[in-house]
There are 2 protein chains.
Amino acid sequence: MSKFWSDVVHKLTPYVPGEQPKLTNLVKLNTNENPYGPSPKVIEALKAEAADTLRLYPDPNSDVLKAAIASNFNLQPNQVFVGNGSDEVLAHVFQALLKHDKPLLFPDISYSFYPVYCGLYAIDYQTIPLASDFSIHLDDYKRPNGGIIFPNPNAPTGIPLALNEIECLLQENTESVVVVDEAYVDFGTESAVGLINQYPNLLVTHTLSKARSLAGLRVGYALGSVDLIEALIRVKDSFNSYPIDRFASAGAVAAMQDVAHFEQTCQKVIATREALVRDLTALGFEVLPSGANFIFAKHKTHDGAELTAKLREHNIIVRHFKSPARISNYLRITIGTDQQSKQLIDALTVVL
Amino acid sequence: MSKFWSDVVHKLTPYVPGEQPKLTNLVKLNTNENPYGPSPKVIEALKAEAADTLRLYPDPNSDVLKAAIASNFNLQPNQVFVGNGSDEVLAHVFQALLKHDKPLLFPDISYSFYPVYCGLYAIDYQTIPLASDFSIHLDDYKRPNGGIIFPNPNAPTGIPLALNEIECLLQENTESVVVVDEAYVDFGTESAVGLINQYPNLLVTHTLSKARSLAGLRVGYALGSVDLIEALIRVKDSFNSYPIDRFASAGAVAAMQDVAHFEQTCQKVIATREALVRDLTALGFEVLPSGANFIFAKHKTHDGAELTAKLREHNIIVRHFKSPARISNYLRITIGTDQQSKQLIDALTVVL
């Protein structure tokens, strides 16, 4: 606490990301990174950027990157907003589109950065409890609101929502923005991007940190109507002119263009997930249905915090959330390689 | 205007950065980039990052980079805050440290992003007019305030302030934060970094975009007391966990460590500046004293906007500010290579 701090700083409870350990030789299944590296074409494009031209600013509007993303989704470049990771994109979304007189709505168990953004921008919000099976019931969001945001699939549960339910919400909720945070959508969940041209209040956010294997590069984007994108651009241009550096732009363009690498990677992760779910179930775990590159699982008899600690002794890191109490017995386990799944199952066989 | 926009978006007047033309073969003297590329050690470090490890998040705390910067200035790592360019650092500074009941003070002619940040965060501010010779008189800032910020050297004038004047302000102004924005300090201006351990309310901001030749990489930092840095970290961790990507970190570390390359580059730019000032003066320009890698100059008889347009016809871009009226006759000219200076002088000789 300090007389020099603005009022807002005293009230903040910052987001705590998953641990990024400096040890090597860990089986790192705690921050939902991709076990497979980026496309060789991405590596090649990145090497070419290590040059004298770094003395020059990048394009403040990231036109080439926006065109590559738009082309990927059959949208126009002015329906695309890019940022320094989808966390930065979401921050601008909260400030530009979700601060209104009526409260913002999001699930009580969801991405734990949402209430942090609300604190940063003094946004009034209400959380809507998940159903008893941890699913999101969109009917519960059909009430007065200044905006709605939810991940699909949800995090940390991994449970996907069907597209027709999202469209039903959009049909009823026409006066505020509906943000579908699709960070994990590429691992078997239906995307809402195809609805963008029909619903001017739909905004979809994506990241290159998961399915595109580029967590180390920091690129995310939002897709929506020109009207919504314009609000994000105005906030961005009042915050930081050049958020996308030359590497981030070049690597992201190459990643969006190498569709074959992307699809193969996703298929491998999905296949490993399905095998892991079977193995964990056989060991006495209950695993929630997942459309993501992670699963949310609890053991029938063993405590979640204790299992997490014991796995750490075997050099395996998974993520555990102490609160809320409803999920404190669950482990969130990132899908790694088949070999990493085997190491996890071997360790659990010893531990259980 | 849209019902979906938050109130703040309707009121924003975003910052407009200097043009980043997509044409090549231009003599680009409009955005104060370095004419010399980064150190070969930086290029080498960057190439090494184009690897499979990009699938992993970077260190959210940028510990290695903070240590490299701290070591450079004989400070502790917890006296360092890093961001995605100094514009992002400044945005967090405005939100975390400069929003108070009393108004923020800054010069009326200065970095034009300052009033934009105030708009974004609803910060009350007062501008203090520059003296008739365009210098900042710090005595004018000894009045009730919620914070003080000024660039040193000032932009777009390039005029440096003496360190003893800054220390005199710090001695009197103990109840609010004083930010010295030293984006251009390395081109012959005295830095206030040496005062940090004596004045807990002093914050100094730097960028790697100018003297370190890395505008394309987006890294900036703030140096100050642990108390001030803690406020910035809290805001950053409520906004974006990982603003510094793997390339930005590796390149910035190598740039901070190659002191010899940095010093040689700065000396060359300073020598070119001094020669250009002589040549422009001989052509009838009045040039303000500069401690930066740009100069601010007006011709005794020719109009500023007209000269800018004519230079553009000769494929030379300089920056011109239409307002305020006091500076509308000036050109802001980035210092390039000696060859670029010659092209500029040759073109002006034709134009004048």
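Definitions and cut-offs
- Residues numbered from 1 in each chain as written.
- Chains lettered and ligands numbered in written order.
- Predicted model: local features only at pLDDT ≥ 70, side-chain atom pairs only at ≥ 80, totals over all residues.
- Heavy atoms only, no water.
- Least-squares fit on C-alpha atoms with pLDDT ≥ 70 in both.
- Contact = heavy atoms within 4.5 Å.
- Buried area = accessible area lost by both parts, 1.4 Å probe.
- Salt bridge = Lys/Arg side-chain N within 4 Å of Asp/Glu carboxyl O.
- Pairing = 2+ DSSP bridges.
- Helix = DSSP H or I, 4+ residues; strand = E, 2+ residues; numbered from the N terminus.
- Right-handed = clockwise from strand over helix to strand, strands pointing away.
- 1 Å grid on protein atoms, 1.4 Å probe; cavity = no way out; pocket = protein on both sides within 12 Å on 5 of 7 lines; lining within 4 Å.
- Points joined across faces, edges and corners; volume = space filled by probe spheres on them.
- Domains from an automatic or database assignment.
- Phe/Tyr/Trp six-rings, centres within 6.5 Å; stacked < 30°, edge-to-face > 60°.
- Buried < 20%, exposed > 50% of the residue type's maximum accessible area, 1.4 Å probe, protein only.
- Lys NZ or Arg CZ within 6 Å of the ring centre and 35° of its normal.
- Lys, Arg positive; Asp, Glu negative; His and termini not counted.
- Polar contact = N/O pair within 3.5 Å; in protein donor to acceptor, adjacent residues only side chain to side chain.
- Core = buried A, V, L, I, M, F, W, Y, C linked by side-chain atoms within 4.5 Å.
- Axes fitted to C-alpha atoms, helices over the stretch in contact; angles between N-to-C directions.
- Parallel < 35°, antiparallel > 145°, perpendicular 65-115°, else oblique.
- Left-handed = near helix turned anticlockwise from the far one by under 90°.
- Nonpolar A, V, L, I, M, F, W, Y, C, P; charged D, E, K, R; others polar.
- pLDDT = per-residue confidence, 0-100.

Asker: Would you explain the relation of the copies chain A and chain B in this entry?
Answerer: Copies of the same chain, two in number, are related to each other by a rotation about an axis and a translation along it. For the match of chain A to chain B, the screw axis carries a shift of 0.0 Å, the RMSD comes to 0.0 Å, and the turn is 180°. Classification of the inter-copy transformation places it as that of a two-fold axis. Minimal C-alpha distance to the rotation axis in chain A is attained by Lys47 of chain A, lying at 2.7 Å. Here 99% of the contact residues of chain A are again contact residues in chain B; the copies associate through an equivalent surface.

Asker: Can you help me understand the interface of chain A and chain B in this one?
Answerer: How big an interface is tends to be reported as the loss of accessible area on association of its parts. In this assembly, 86 residues from chain A lie in contact with 85 residues from chain B. Across the chain A/chain B interface, buried area totals approximately 7000 Å², and carbon plus sulfur atoms make up 56% of it. Interface area lost by chain A to chain B is led by Phe4, Tyr57 and Phe239 of chain A, which between them contribute 12%. Across the contact surface, chain A and chain B share two salt bridges.

Asker: I keep staring at the pairing of strand β3 (residues 104-107) of chain B and nothing clicks. Help me out?
Answerer: Each regular strand displays side chains that alternate between the two surfaces of the sheet. All names here are of chain B. In the sheet, β3 pairs with strand β4 (residues 125-128) via four bridges, with the strands oriented parallel. Bridge pairing in β4 places Leu104 opposite Tyr125. Each parallel crossover has a hand, and the one from β3 via helix α5 (residues 114-121) to β4 is right-handed. In this sheet, strand β5 (residues 147-151) lies alongside β3 in parallel orientation, the contact comprising two bridges. If you follow Leu104 over to β5, its bridge partner there is Gly147.

Asker: What am I meant to see in the layout of surface pockets here?
Answerer: A water-sized probe rolled over the atoms picks out the places where empty space is left. All names here are of chain A. Reported here for the largest pocket is a volume of approximately 1100 Å³. Lining the largest pocket we find 50 residues, and of these Tyr15, Tyr111, Ser112, Arg319 and Phe321 sit closest to its centre. Taken together, the elements giving at least two residues each to the lining of the largest pocket come down to α4 (86-97), β3 (104-107), α5 (114-121), β4 (125-128), α10 (304-313) and β11 (316-318). Mapping the lining of the largest pocket onto the domain boundaries places at least three of its residues in each of domain 1 (7-37 + 260-351) and domain 2 (40-258).

Asker: Even after reading the chapter, I still don't get the packing of aromatic side chains, so can you show me in this structure?
Answerer: What characterises a pair of aromatic rings is the spacing of the ring centres plus the angle enclosed by the ring planes. Summed over the entire model, instances satisfying the criterion amount to 32 aromatic pairs over all chains. Ring centres 5.0 Å apart and planes at 20° place the aromatic pair Phe106 of chain A and Tyr125 of chain A in the stacked group. A residue pair is termed long-range when its members are at least 10 positions apart, and Phe106 of chain A in strand β3 and Tyr125 of chain A in strand β4 qualify at 19 residues. Ring geometry for Phe247 of chain A and Phe247 of chain B: centres 4.2 Å apart, planes at 5°, overall stacked. Highlighted residues: Phe247 of chain A in helix α8 (residues 246-257) and Phe247 of chain B in helix α8 (residues 246-257), drawn from two different chains. Neither residue differs from the other here; Phe247 of chain A and Phe247 of chain B are each classed as buried. The ring of Tyr36 of chain A has Lys268 of chain A lying over it, and the distance from NZ or CZ to the ring centre is 4.1 Å.

Asker: Just to check I follow, could you spell out the side chain of Arg212 of chain B for this structure?
Answerer: All names here are of chain B. Here Arg212 is to be found in the loop between β7 (202-207) and β8 (220-224). For Arg212, which is buried and forms no salt bridge, the nearest opposite charge comes from Asp186, at a distance of 5.1 Å. A polar side-chain atom of Arg212 sits 3.4 Å from the main-chain carbonyl oxygen of Ala255. Beyond its immediate chain neighbours, meaning those up to four positions away, Arg212 contacts Pro38, Asn72, Ala255, Met256 and Phe262.

Asker: Where do I start with the nonpolar core in this structure?
Answerer: Buried together is how nonpolar side chains tend to be arranged in soluble globular proteins. Among the nonpolar cores identified, the biggest contains 110 residues, and Phe150, Leu202 and Phe247 of chain A together with Phe150, Leu202 and Phe247 of chain B are the most heavily contacted of them. Beyond its immediate chain neighbours, meaning those up to four positions away, Leu202 of chain A contacts Leu170, Val178, Val180, Ala192, Leu195, Ile196, Leu223, Gly224, Ser225 and Leu228 of chain A. With 74 residues, the next largest nonpolar core counts Phe4 and Phe106 of chain A together with Leu120 and Leu203 of chain B among its residues.

Asker: Is there a simple way to explain the packing of helix α3 (residues 63-72) of chain A against α8 of chain A in this structure?
Answerer: The description of two helices packed together rests on the angle between their axes and the distance between the axes. All names here are of chain A. Running from amino to carboxyl end, α3 crosses α8 at an angle of 15°, the nearest separation of the two axes being 9 Å. In this view, α3 runs roughly parallel relative to α8, as classed from their interaxial angle. Crossing of α3 over α8 shows left-handed handedness. Contact residues: α3 offers Val64, Leu65, Ala68, Ile69 and Asn72, while α8 offers Ser249, Ala252, Val253 and Met256.

Asker: Explain empty space enclosed by the protein to me, please; I cannot follow it from the model alone.
Answerer: Residue and element names in this part refer to chain B. Going through the model one piece at a time under the given rule, you end up with three cavities of 30 Å³ or more. By volume, the largest cavity amounts to about 390 Å³. With three residues, the single largest contributor to the lining of the largest cavity is helix α4 (residues 85-97). Partitioned by chemical class, the residues of the lining of the largest cavity number 13 nonpolar, eight polar and six charged. In this structure, the lining of the largest cavity is formed jointly by two domains, domain 1 (7-37 + 260-351) and domain 2 (40-258), each of which donates at least three residues. The space that makes up the second largest cavity amounts to roughly 60 Å³. Taken together, Pro38, Ser39, Val42, Ala211, Arg212, Ser213, Ala255, Asp258, His261 and Phe262 form the lining of the second largest cavity.

Asker: Is there a simple way to think about the environment of Ile317 of chain A in this case?
Answerer: All names here are of chain A. Residue position: Ile317 is located in strand β11. Distance from Ile317 to Gly18, taken between C-alpha atoms, is 9.9 Å for residues 299 residues apart in sequence. Beyond its immediate chain neighbours, meaning those up to four positions away, Ile317 contacts Glu19, Pro21, Leu26, Val27, Lys28, Leu29, Asn30 and Arg312.

Asker: It is not clear to me how the packing of helix α9 (residues 259-282) of chain B against helix α11 (residues 338-351) of chain B should be interpreted in this structure. Could you clarify?
Answerer: All names here are of chain B. Where α9 contacts α11, the two axes come as close as 10 Å, and the packing angle between them is 10°. Classified by the angle between their axes, α9 and α11 sit roughly parallel to one another. For the pair α9 and α11, the contacting residues are Thr272, Leu276, Asp279 and Leu280 in the first and Asp338, Ser341, Leu344, Ile345 and Leu348 in the second. Looking at the contact of α9 with α11 residue by residue, the class counts come to five nonpolar, two polar and two charged.

Asker: Before we go on, may I ask you to explain the pattern of salt bridges in this structure?
Answerer: When the charged atoms of two side chains with opposite charge come close together, those side chains can pair. Residues and elements named next belong to chain B. Across all of its chains, the model carries 22 salt bridges over all chains by this definition. Across the salt bridge formed by Glu33 and Lys28, the nearest N and O atoms sit 2.7 Å from each other. Each member of the pair, Glu33 together with Lys28, is buried. In this structure, Lys342 and Asp346 form a salt bridge, with 2.9 Å as the shortest nitrogen-oxygen distance. With Lys342 and Asp346 both in helix α11 and four residues apart, this pair spans about one turn of that helix. When its relative accessible area of 48% is taken as the criterion, Lys342 is described as partly exposed.

Asker: I keep staring at the environment of Thr308 of chain A and nothing clicks. Help me out?
Answerer: In this structure, Thr308 of chain A sits in helix α10. Spatially, the C-alpha atoms of Thr308 of chain A and His320 of chain A are 6.8 Å apart, while their sequence positions differ by 12 residues.

Asker: Looking at this structure, how should I read the confidence of the model for chain A?
Answerer: Per-residue pLDDT for chain A has a mean of 97; in total, 100% of the residues score no lower than 70. Taken together, the chains of this predicted complex give a pTM of 0.97 and an interface ipTM of 0.96.

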